[in-house]
Amino acid sequence: MKKALITGITGQDGSFLAELLLEKGYKVYGLIRRNSSSDLGNVKHLENEIDFIYGDMTDASSLRSAVKQSAPDEVYNLAAQSFVKLSWSQPVFTTEVNGTGVLKLLDAVKDIKPDSKFYQASTSEMFGLVQETPQTEKTPFYPRSPYGVSKLYGHWITINYKESYDMFCSEGILFNHESERRKPEFVTRKITAAAAAISHGLQDKLYLGNLDAERDWGYAGDYVEAMWLMLQQDKPDSFVVASGEKHSVREFASIAFEKAGIPLTWQGEGINEKGICQKTGRTIVEVSPEFFRPADVVTLLGNPEKAEKVLNWKRKISFESLVELMLKHDIEQIK
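Source: prediction; values computed, not measured.

Participant: Just to check I follow, could you spell out helix H2 (residues 60-70) for this structure?
Facilitator: For H2, every residue scored as buried is listed here: Ser-62, Leu-63, Ala-66, Val-67 and Ser-70. Projected down its long axis, H2 carries its buried residues within an arc of 140°, all on one side. Residues of H2 that are exposed and point over 90 degrees away from its buried face: Ser-61 and Lys-68. Next to the buried residues of H2 lie strand S1 (3-7), strand S2 (27-32), strand S3 (50-54) and helix H4 (91-112). In the segment just after H2, Ala-71 is the residue with positive phi, at about 40°.

Pasting the structure below:
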């Protein structure tokens, strides 16, 4: 029986990956932080199937203990401070978790279980101010937030350990991937939750930032399969995992509200732009300067050709189906 250690197991990706590995017959260990609430997040339903180990990405000794205890065949490092907006107000903490935390985990694996295969969750935010479109594994990086910079350190230190110590390390440069398990502070879930609430008379308005920001959105359940496939290859490598399509925040909101029975008409520009209900003429969406970042990433679009060819990976859920799936979940929650 293969054994896997997943950091960040209580998050969106960690929960989908845990389900996938359990289905494949793995013994799964999950790193969790000890806190007063003992919150297992998205893996609450799996608490009897996972061996949980207390630890923290900022604490090297706990990471070494976790590797020793689990003796994993595969390590999936999904732990991160992943909220871009928060990284501006907590840049040091973000760097300690996303950057030097990766170094501490790699060091533990190198010293205790060097034959483990290691997956590093990298991100399209490393491309930031994009140097070419679409972005591939060879596109130069230009991060535009403390989050992007911290993840870039984690990405490059993983490659350095791979090349310096002959470790099996693969890096997944994942573009935006969402699901019904996404936390509500992320813009996609914020939109679907608001559309569900407004359609049921529980909320009046939704405030958003840059409606013109374009992202390459996919479904998290599809993307964790690519993570697993990377560690089943004969050789480690870096892979872009993306849909190959870009959509704006405005488009995401339009689909969500349309499917919630509130078709929108967009009026105005910039911070004066509004989404107005076609049926009632009521303003439903307003742009607020509060949600603009000091330096924004305008467009991200990935080229998944390498992952599709080498890993034989294909996404299954379309963009529109993703929005509908998230909205349906949020409506069910309200009911």
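Participant: What's the story with the side chain of Thr-123 in this structure? I'm lost.
Facilitator: Position of Thr-123 among the secondary structure elements: in strand S5 (residues 117-123). Within the structure, Thr-123 has its side chain in polar contact with the backbone nitrogen of Glu-125 (distance 3.0 Å). Other than its neighbours up to four places away in sequence, Thr-123 contacts Tyr-147, Lys-151, Gly-172, Ile-173 and Leu-174.

Participant: Where do I start with the pattern of salt bridges in this structure?
Facilitator: Side-chain pairing between opposite charges can occur once the charged atoms of the two side chains come close. Within this structure, the stated rule accounts for 22 salt bridges. Where Arg-181 meets Glu-19, a salt bridge forms, and the shortest distance between an N and an O atom there is 2.9 Å. Placement of the pair is Arg-181 in the loop between strand S7 (177-178) and helix H6 (187-199) and Glu-19 in helix H1 (residues 12-23), with a sequence separation of 162 residues. Arg-181 sits in the buried class, given a relative accessible area of 18%.

Participant: Please clarify how the sheet that holds strand S6 (residues 168-174) should be interpreted in this entry.
Facilitator: The strands making up a sheet associate through backbone hydrogen bonding, with each pair oriented either parallel or antiparallel. The strand order across the open sheet formed by seven strands is S3-S2-S1-S4-S5-S6-S11, and the pairing between neighbours is parallel. What marks the edges here is a single partner per strand, and that holds for S3 and strand S11 (238-241). Taken over all neighbouring pairs, the strand axes of this sheet differ in orientation by 20° on average, direction set aside. Relative to S6, S5 runs parallel, the two being bridged by seven bridges.

Participant: When you look at the packing of H1 against helix H7 (residues 220-230) in this model, what are you seeing that I'm missing?
Facilitator: Axis angle and axis distance: for two packed helices, these are the angle between their axes and the distance between the axes, and together they describe the pair. Where H1 meets H7, the axes come as close as 9 Å, and the angle between the chain directions of the two elements is 65°. Handedness of the crossing formed by H1 with H7: right-handed. Residues Gln-12, Asp-13, Phe-16, Leu-17, Leu-20 and Leu-21 of H1 lie in contact with H7, whose contacting residues are Ala-220, Gly-221, Val-224, Glu-225, Met-227 and Trp-228. Taken together, the residues of the contact of H1 with H7 sort by class into eight nonpolar, two polar and two charged.

Participant: Any chance you could explain the nonpolar core here in plain terms?
Facilitator: Generally speaking, soluble globular proteins have nonpolar side chains that are buried together. Counting residues in each nonpolar core, the largest one holds 66 residues, and the members touching the most others are Ile-6, Leu-17, Leu-21, Tyr-76, Tyr-119, Ile-191 and Phe-257. A per-element tally of this core places H7 first, with eight residues. Counting 21 residues, the second-largest nonpolar core is a separate cluster that includes Leu-5, Met-57, Ala-66 and Val-102.

Participant: Help me understand the environment of Val-109, please; the structure alone is not making it clear to me.
Facilitator: Among the secondary structure elements, Val-109 is positioned in helix H4. You can call Val-109 buried: its relative accessible area is 1%. Spatially, the C-alpha atoms of Val-109 and Ala-4 are 12 Å apart, while their sequence positions differ by 105 residues. In contact with Val-109, other than residues within four places in its own chain, are Val-67, Val-75, Pro-114, Ser-116, Phe-118 and Met-167.

What counts and what doesn't
- Every residue gets a number counted from 1 within its own chain, in the order that chain's sequence is written.
- Only residues with pLDDT of at least 70 are given local features in this predicted model, and only at 80 or more are side-chain atom pairs given and counted; all residues enter the totals for whole chains, interfaces and linings.
- Hydrogen atoms and water are omitted, and side-chain values are computed over all heavy atoms in the structure.
- When accessible area is computed with a 1.4 Å probe and restricted to protein chains, residues below 20% of their type maximum are described as buried, those above 50% as exposed, and intermediate ones as partly exposed.
- What counts as a helix is a DSSP run of H or I of at least four residues, what counts as a strand is a run of E of at least two, and both are numbered from the N terminus.
- What the arc covers is the set of directions going from the helix axis to the C-beta atoms.
- Contacts are residue-level and defined by heavy atoms, with any inter-residue pair within 4.5 Å sufficient.
- Each polar contact in these results corresponds to two N or O atoms within 3.5 Å; when the atoms are within protein, one needs to be able to donate a hydrogen and the other to accept it, and residues that are neighboring in sequence are counted only if both atoms are side-chain atoms.
- We count a salt bridge whenever a side-chain nitrogen from Lys or Arg sits within 4 Å of a carboxyl oxygen from Asp or Glu.
- A pair of strands is labelled paired if DSSP reports no fewer than 2 bridges between them.
- Axis angles are defined between N-to-C directions and span 0 to 180 degrees, where every axis is a line fitted to C-alpha atoms and, for a helix, only to the segment in contact.
- Handedness of a crossing follows from how the near helix is turned relative to the far one, being left-handed for an anticlockwise turn of less than a right angle and right-handed for a clockwise one.
- Basically, the charged four are Asp, Glu, Lys and Arg, the nonpolar ten are Ala, Val, Leu, Ile, Met, Phe, Trp, Tyr, Cys and Pro, and anything else, Gly included, counts as polar.
- In this description, a nonpolar core means a group of buried Ala, Val, Leu, Ile, Met, Phe, Trp, Tyr and Cys residues linked to one another through side-chain atoms lying within 4.5 Å.

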